[in-house]
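As a plain string of letters, each chain reads:
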Amino acid sequence: MQALPGFRDFLPSECSERNYVFANWRNVARRYGFVEWDGPVLESTELYRKKSGAEIVDQLFHFVDKGEREVAMRPELTPTLARVVAAHEREFKKPLKWFSIGQFFRYEKQQRGRLREHYQLNCDIIGEASLAADIELIALAIDLLRGFGLRESDFVVRISDRQFWTEFLRDQGVAEDKWQEILGIIDKSERELADHTAQKLGPLAGSVTEVLAKGGENDRLREVMDGLRARGLGGFVNTDVRIVRGLAYYTGIVFEVFDRAGKLRAIAGGGRYDNLVSQLSDGAASLPALGFAMGDVVLAELIGETASAREQMESTITAERAIQVYIVIAKEERRGDALQQVQTLRDHGFGVDYPLVPMKVGKQFQTAEQLGARSALVFGDEWPNVAVKDLRSGEQKLVGHEDLLSDLQESLTKE
Ligand code: HAM
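Conventions used here
- Residues numbered from 1 in each chain as written.
- Predicted model: local features only at pLDDT ≥ 70, side-chain atom pairs only at ≥ 80, totals over all residues.
- Heavy atoms only, no water.
- Helix = DSSP H or I, 4+ residues; strand = E, 2+ residues; numbered from the N terminus.
- Rg over C-alpha atoms; globule rule 2.2 N^0.38 Å.
- Buried < 20%, exposed > 50% of the residue type's maximum accessible area, 1.4 Å probe, protein only.
- Lys, Arg positive; Asp, Glu negative; His and termini not counted.
- Charge placed at Lys NZ, Arg CZ, Asp CG, Glu CD.
- Expected span 1.5 Å × (residues − 1).
- Arc of directions from axis to C-beta.
- Contact = heavy atoms within 4.5 Å.
- Polar contact = N/O pair within 3.5 Å; in protein donor to acceptor, adjacent residues only side chain to side chain.
- Axes fitted to C-alpha atoms, helices over the stretch in contact; angles between N-to-C directions.
- Parallel < 35°, antiparallel > 145°, perpendicular 65-115°, else oblique.
- Left-handed = near helix turned anticlockwise from the far one by under 90°.
- Domains from an automatic or database assignment.
- Core = buried A, V, L, I, M, F, W, Y, C linked by side-chain atoms within 4.5 Å.
- Pairing = 2+ DSSP bridges.
- Nonpolar A, V, L, I, M, F, W, Y, C, P; charged D, E, K, R; others polar.
- Near = heavy atom within 4 Å.
- Areas by Shrake-Rupley, 256 points an atom, 1.4 Å probe, with all protein chains shown as cover.

Chemist: Would you mind showing me how to read the overall build of the protein here?
Modeler: Within the protein, the regular secondary structure consists of 16 helices and 16 strands. Radius of gyration (C-alpha) of the protein: 27 Å, far over the 22 Å computed for a compact globule of 415 residues. Projected onto the principal axes, the alpha-carbon positions of the protein cover approximately 90 × 55 × 45 Å. Relative to its 415 residues, the protein shows a buried fraction of 49%. Counting 54 positive and 65 negative side-chain charges, the protein places the centres of these two groups 1 Å from one another.

And the structure:
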């Protein structure tokens, strides 16, 4: 039996990498003053039918539950966030700056960078209409990636304006109920043959191609770019109107993050969605909003391909996994004393391991090294003294068993 297609098992090394990613995400989001929240993994299918747009609805893992409800595994967090914010609007001071880390499910064709489950960090700001919030959010996306040791030469944020496109479609006399479909075609145009896109766009093909060739700058985009340049982040961003985003609810500045070499799928994407909270509360709560999500799958690929980021990850994981003390039981008569010491050291916060069953002393030292222990305590002939061996320098000394705790507190916390 294997895991289902597009689903992953996380063996210990993969779990360590996942924890490393989550820890960095949390750390940087908190540095920006974001607080953590979460929603349910199962929602009413209706929530996504109404709010996410056709592409995501086609990819839903959905079923009818025992209470005859149509339910779906969450494919994204934004509709849940809008639902929660609309329900609790009055309880919080605006703007809200919320982040969340969780697993999401989309029945996609499995390919490089796209699975049927993935983890996302979502960061959203609710209740601020000014472009200052868009700038802050994009700066956060950049700093999140910098937190992994990724640099200007490794990734780029491509910034666009959904409002630019909706104004364009209005000018072209396109009916509003057709906008979503056309935006979807433009969104996919980069990954498809030009002829195929032109065919799908029909009479609009000429004018869309012209806009794409010209680049379509405007005041909003200029303000966002200036704001990021002023923070010294100009080298991480480009304007690019080819970005329109696949999801239906965006209304303003939108952006996606890609590897600089352009080999991988998007690492993150998001933008402004000023009407979603209002739509979900039938107008009862009306709050401007913006946010983005960063996925773990493409991020891990980029870290893996970037030497400096990979080394940072590996050294962090190795340091975190290591225990501090290995208790070597050289004489089985001392096992009781050794176990008392194990308990004392663990009670005082040390990472401690020991052989569960009798084992040759050489094997025990090998295990200590494999576990990355800094010190080995040998319980044997020297009792009531214990040989304390520094596994880095190889130095050894005898310490009375009653003084072991203070000796280790001194030597292991020094560095
Ligand atoms: P999204 O662009 O659909 O946006 O997804 C965000 C990121 O999640 C993508 O850039 C990608 O890294 C990752 N991702 C999405 N689908 C998959 C998949 N099948 N396999 C692996 N990774 C995947 C949203 O979900 C919006 N709700 C983001 C947002 C938050 N907008 C406002 N606030």
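Chemist: Where do I start with helix H10 (residues 219-230) in this structure?
Modeler: Each full turn of the α-helix corresponds to 3.6 residues, which orients residues three or four apart in the same direction. With 12 residues, H10 should reach 16 Å at 1.5 Å per residue; the first-to-last C-alpha distance of 16 Å fits that figure. All buried positions along H10 are accounted for by Leu221, Val224, Met225, Gly227 and Leu228. Buried residues of H10, viewed axially, fall in a sector of 160°; they line one side. Structural note: H10 exposes Asp219 and Ala230 on the side pointing more than 90 degrees away from its buried face. Turning to H10, the residues buried within the fold contact helix H5 (131-146), strand S7 (155-161), strand S8 (237-239) and strand S9 (253-259). A side-chain oxygen of the first residue of H10 lies 3.1 Å from the backbone nitrogen of Arg220; this N-cap is Asn218.

Chemist: Sorry, what's going on with unusual backbone geometry here?
Modeler: Note: most residues except glycine have negative phi, and most peptide bonds are trans. Cis peptide bonds are those with omega within 30 degrees of zero, and the linkage from Lys94 to Pro95 qualifies with -5°. With respect to the helices, strands and loops of the structure, Pro95 is situated in the loop between helix H4 (78-88) and strand S5 (96-105). Omega for the peptide link from Trp383 to Pro384 comes to 15°, which places this bond in the cis form. One non-glycine residue, Glu68, lies in positive phi territory at about 65°. On the secondary structure map, Glu68 appears in the loop between strand S3 (62-64) and strand S4 (70-73).

Chemist: How do you make sense of the packing of helix H14 (residues 335-347) against helix H16 (residues 404-412) when you look at a structure like this?
Modeler: The packing of two helices is summarised by the inter-axis angle and the distance between the axes. Put simply, H14 and H16 touch, their axes get as near as 11 Å, and they point 45° apart. One element, H14, and the other, H16, form an angle in the oblique class. In the crossing of H14 with H16, the sense of the turn from one axis to the other is right-handed. Between H14, through Gln341, Thr344 and Leu345, and H16, the contact on the second element is made entirely by Leu404, Leu405 and Leu408.

Chemist: Just checking my understanding: could you explain the domain arrangement of the protein for this structure?
Modeler: Interfaces are often described in size by the accessible area the parts lose on coming together. When the domains of the protein are assigned, the result is domain 1 (12-39 + 77-315) and domain 2 (323-414). On a C-alpha basis, the centroid separation for the pair domain 1 and domain 2 is 50 Å.

Chemist: Got a minute to help me understand the nonpolar core in this structure?
Modeler: One broad trend across soluble globular proteins is that nonpolar side chains are buried collectively. Core analysis: the biggest nonpolar cluster contains 53 residues, and Trp25, Ile138, Ile159 and Leu299 have the highest contact counts within it. Broken down by element, the residue count for this core peaks at 11 residues, all from H5. Sequence-distant contacts of Ile138, that is, excluding residues within four places in its chain, are made with Val157, Ile159, Val224, Leu228, Val237, Ile253 and Phe255. Listed in part, the 25 residues of the second largest apolar core include Trp37, Ile56, Ala82 and Ile243.

Chemist: Any chance you could explain the sheet that holds strand S14 (residues 375-379) here in plain terms?
Modeler: The strands making up a sheet associate through hydrogen bonds between their backbones, and the pairing can be parallel or antiparallel. What the 5 strands build is an open sheet, ordered S13-S12-S14-S15-S16; its pairing is mixed. Each edge of the sheet is formed by a strand with only one pairing partner; in this case those strands are strand S13 (352-353) and strand S16 (396-400). Pairing geometry for S14 and strand S15 (residues 385-390), over 4 bridges, is antiparallel. Counted as the bridge partner of Leu377 is Val388 from S15. Packed on one face of the sheet, H14 meets strand S12 (325-329), S13 and S14 and runs near 170° to S12.

Chemist: Is there a simple way to explain the packing of helix H1 (residues 12-31) against helix H13 (residues 307-321) in this structure?
Modeler: Relative to each other, H1 and H13 sit at 105°, their axes nearing to 10 Å. Classed by the angle they form, the pair H1 and H13 counts as roughly perpendicular. Residues Ser13, Ser16, Glu17, Tyr20 and Asn24 of H1 touch H13, and the partners they reach there are Gln312, Met313, Thr316, Ile317 and Arg321. Across the contact of H1 with H13, the residue classes break down as 3 nonpolar, 5 polar and 2 charged.

Chemist: What is the right way to look at the site of the ligand in this model?
Modeler: If you check the shell around the ligand, you find 26 residues, and the closest are Glu76, Thr78, Glu108, Asp124 and Tyr250. One of the side-chain N or O atoms of Thr78 is found 2.7 Å from a nitrogen atom in the ligand. Within the backbone of Ala266, an N or O atom sits 3.0 Å from an oxygen atom of the ligand. For the ligand, whose accessible area on its own is 660 Å², the fraction buried by protein is 96%. Of all the secondary-structure elements, those providing two or more residues to the shell around the ligand are strand S6 (117-126), strand S10 (268-272) and strand S11 (289-295). Residues belonging to the shell around the ligand are distributed by class as follows: 11 nonpolar, 9 polar and 6 charged.

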